[in-house]
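# Chain and residue survey
Listed below are the residues making up each chain.
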Amino acid sequence: MALPAEAQVADDPVLQVRDLSIGFRTPRGPVAALRHVNLDVPRGSIVGVVGESGSGKSSLALAIMGLMAGNAEILGGDIRFSGIDLRRLPPAGLRDLRGRRMTMVFQDPMTSLNPVRAIGRQMIDIQYREQNLSIAQKRGRSADMLRRVGLPDPEQQLDRYCHQFSGGMRQRIAIAMSLLEEPELLIADEPTTALDVTLEAQIIQLLRDLRQEFNTSILFISHNLGVVAELCDYIVVLYAGEVVESGPVREIFYRPAHPYTQALLACDPARLDLVQRELPTIAGDVPNLMRVPTGCVFRPRCPKAFAPCTNVPPPDVALDDVHHARCHLLTDEQDG
Amino acid sequence: MSEIPAGPGFLRLLGQRLRNDPLGLLGLVLVLLVLFCAVFGPSLAPYNPLKLAVLDRFQSPSWTHLFGTDNLGRDVFSRVLAGTRIALGVGGGSIAIALSIGLMLGLVAGYGPRWLDNALLLLFDSVYSFPTVMLGLTVMTLLNPSIGTLVFVIVVIQTPAYSRLIRTATLSIKTSEYILAVRSLGASPPRVLLVHILPNVIGPLFIIASMDIPSVIALEAGLTYLGMGIPPPAPSWGRILQEGFDSIRDAPWIVIAGGIPLIITTLGFTFLGEALRDWLDPRLRRVI
C-alpha cells in the first residue's frame, strides 16, 4: 500500500465513526453494547470488523445504517458518511441514503429475501427511486446486475422465488440487490457465515471483484480471521463493545499489539505451525456488558494483566499513523 | 408481464389438488351452486317471492309449488332462491368490509408505534369480549333493523378477529431479516408494509374469512329468526325459518326448505375453506 494513496484516501473517508457508544434498554437493566468506538473506512477500501459473538459487531452495522432495534439508543459520538452527520439526519434523509449510497448484506441468505415475491419483482421494487425508467428497463438492469454477480441465465432467474435458489445463489442475489444503485458503502454483516467453505471463497472473490468494478467501499463484519486477512485492507478488532486494536491487515497479522489480538491469532487453526492435538482457546468468558469491568475490558482473561489494568482504562496508543491499540503494556513499552 | 406462467400452472395445480381432495371438490361444487342461485335465482324463480296468494296457503310440495307455499300462499321455492342473494350479499359483503378494515387496522397495530398497538388491542379485546348474539341483538334493538344495520353489526363483530390475526402475523414478520434487508435498501414504512409484509400475511386471512361466511349467514338467519334481523317481507332464510316455525306442525316443509340451503352453504364454504387452507400451505406449495 503506497503512502501517497493512503494520505489521499485519509482525507475523505466514506465512513468515519468517532467515539460511538450504544446502549440497550433491557428488562434487567441497561447494556453498554458499544463504548467509544472509532472506525474509518477510507474510500475504495475494505475494512474488516472482527470480534466474537456478542462483541457488538452487528450493533455497530445497524447503528451506521440507522436500523437499530427499538430498545437501542446511541449514547454519544458521531457517525459521518461522506461528510454527512448521520445522527443529525432526519429519518427521511437517512432513508434516502440507504439503498442508494449505502446498503447492507445480511448473514443468512435463507431469510434475507422475501419468500412470497419473485426476486425480479423485489429487484424492480427497490429501484422505485428511478421514476423515469420503465419496468422493462428496471428488469433489464436487474438481470444485468445478476449477471455481474455471476448468476447464470439471469433473465429466467428473475421469475423464480427465493426458495428455488441455493444458499450461495441467494447471497449473490442479495449482493446484487444491494449493488443495484452502485452504493459508496456496502456493509456486509457476516455474509459468508451461513455458507460452506467453497461458497465462502466464491463470495469473497465476488466482493473483491465488485470493489474493483464499482469502487464500492466495504465494511466487512466477520468472526473469521482467515477470511478477513484474505479480503480486507484494514482490520478493526472489537472486544466486548470496545475497539481494542485497529490497523492495516499486515500490521495486525504480523505485529499484533494487543494481547487479545495475539490470543485470537494463536487460536486460528489455519495459522498453527504444527499439527496440535488441542486447539488453543482463550480462557474465560466475554464480560457481562451490564457490568462492564473497570479498567481494561480484557483484563479478566488477559495473560499479561498487571496492576494498572484493574482500575485504569487503557489509553488509545498510536503505534504509527494507522495502527492503534488500547493496552497499558504499550504505554509502558514506550515509556521504558 | 413476468407472471404469465403463473396462470395455467395455478389452474393445473388446482385441478390436480381437486382430484386428490373429494371433500374440497364437494365444497367447491356447493359454493358454485350457491353462487349460481344468488346470481340467477331471481330469474329462475317460478313465482314472485313476495306475491301473496292467500287462497293457496299451506299447499304441500307439488310440481306447481316445488317446496309448497307458506302461511300467506307465497311460493317457498321462489323465496328460498331469492334468499340466496340476501344471504350471500349480507355474508359476503359484510365479510369483505370486515376483512378490509381488519387488514388495515391489523397492519397498523403490528407495524405502528407501541401505544397505537396497545390502544387498538384494547379496542379489539373490548369488542371481542361481548357475546356475539347479545351484541347483535343489542345493536339491532337500538338501531333500526335493516340490511345496513345487520351488515354493520357483522362488521363490528368480525373485524377484531381479522385485525388480531394480521397484527400477530405482522409482528412476527416485521423483525425478520428480509424486512431489515429491504429497509437497508431504503424502503419507507408504507412500502415495507404494503409491498413486503402484506403479501406475506394476507393468505391465511382469506382462508379464515371464507370459513367465516357460513357462520355469518347463520348469524343473519339467527338474528332474523329472533325478529331482530332483516325486516319482513324480504325473503331471507332466517325469515323463512321463523315464519315456518309458527306452522311447523301443519306445514313442516317450510322449515325444511329454509334450513336446507343454510346447511348447503355452511358445508360448502367450510369444506372449501379447509381445502384452501391445505392447498395454500406454503410447505405443501414448496414441494411442487
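Being a predicted model, the structure only gives us computed values, none of them experimental.

### Comments concerning the overall build of chain B
- When helices and strands are tallied, chain B shows eleven helices and zero strands.
- From first element to last, N terminus to C terminus, chain B shows the α and β order α-α-α-α-α-α-α-α-α-α-α.
- Per-residue burial for chain B yields a buried fraction of 42% across its 288 residues.

### Some details on the overall build of chain A
- Scanning chain A from N- to C-terminus turns up twelve helices and twelve strands.
- For 336 residues, the compact-globule estimate of 2.2 N^0.38 gives 20 Å, and chain A sits close to it at 21 Å.
- When its C-alpha atoms are laid out on the principal axes, chain A stretches across 70 × 50 × 50 Å.
- Counting all 336 residues of chain A, 43% fall into the buried class.

### Some thoughts on the domain arrangement of chain A
All names here are of chain A.
- Here chain A is described as being made up of domain 1 (3–101 + 181–335) and domain 2 (108–180).
- Placing the centre of domain 1 and that of domain 2 at their C-alpha centroids yields a distance of 30 Å.
- Contact residues are listed per partner, giving 15 residues for domain 1 and 15 residues for domain 2.
- Broken down by class, the residue content of the side of domain 1 that touches domain 2 amounts to ten nonpolar, two polar and three charged.

### Quick notes on the confidence of the model for chain A
- Put simply, chain A has an average pLDDT of 86, and 93% of its residues get 70 or more.
- Across residues 1–10 of chain A, confidence stays below pLDDT 50; counting only partners more than four residues off in sequence or on other chains, it has seven contacts.

### Quick notes on the sheet that holds strand β7 (residues 185–189) of chain A
Residue and element names in this part refer to chain A.
- The eight strands are arranged β6-β7-β8-β3-β9-β10-β12-β11 in an open sheet whose pairing can be described as mixed. With one partner strand each, in any of the chains shown, β6 (102–105) and β11 (316–318) form the two edges of the open sheet. Here the average twist between neighbouring strands, direction ignored, is 20°.
- Pairing between strand β3 (residues 46–50) and strand β9 (residues 234–239): four bridges, direction parallel.

### Side note on the interface of chain B and chain A
- On the chain A side, the residues contacting the 17 residues of chain B number 28 residues.
- Put simply, the parts of the chain that give the side of chain B that touches chain A at least two residues each are α7 (177–184) and α8 (189–225) of chain B.

### Section: the pairing of strand β2 (residues 29–41) of chain A
Residue and element names in this part refer to chain A.
- For strand β1 (residues 15–26) and β2, the ladder comprises nine bridges, and the chain directions are antiparallel. Following the sheet pairing, Leu20 is matched in β2 by Val37.
- What sits between β1 and β2 in their antiparallel hairpin is a turn of two residues.

What counts as what
- Residues numbered from 1 in each chain as written.
- Chains lettered and ligands numbered in written order.
- Predicted model: local features only at pLDDT ≥ 70, side-chain atom pairs only at ≥ 80, totals over all residues.
- Helix = DSSP H or I, 4+ residues; strand = E, 2+ residues; numbered from the N terminus.
- Buried ≥ 20, exposed ≤ 12 C-beta atoms within 10 Å, placed from the backbone.
- Rg over C-alpha atoms; globule rule 2.2 N^0.38 Å.
- Domains from an automatic or database assignment.
- Contact = placed C-beta atoms within 7 Å.
- Nonpolar A, V, L, I, M, F, W, Y, C, P; charged D, E, K, R; others polar.
- pLDDT = per-residue confidence, 0-100.
- Pairing = 2+ DSSP bridges.
- Axes fitted to C-alpha atoms, helices over the stretch in contact; angles between N-to-C directions.

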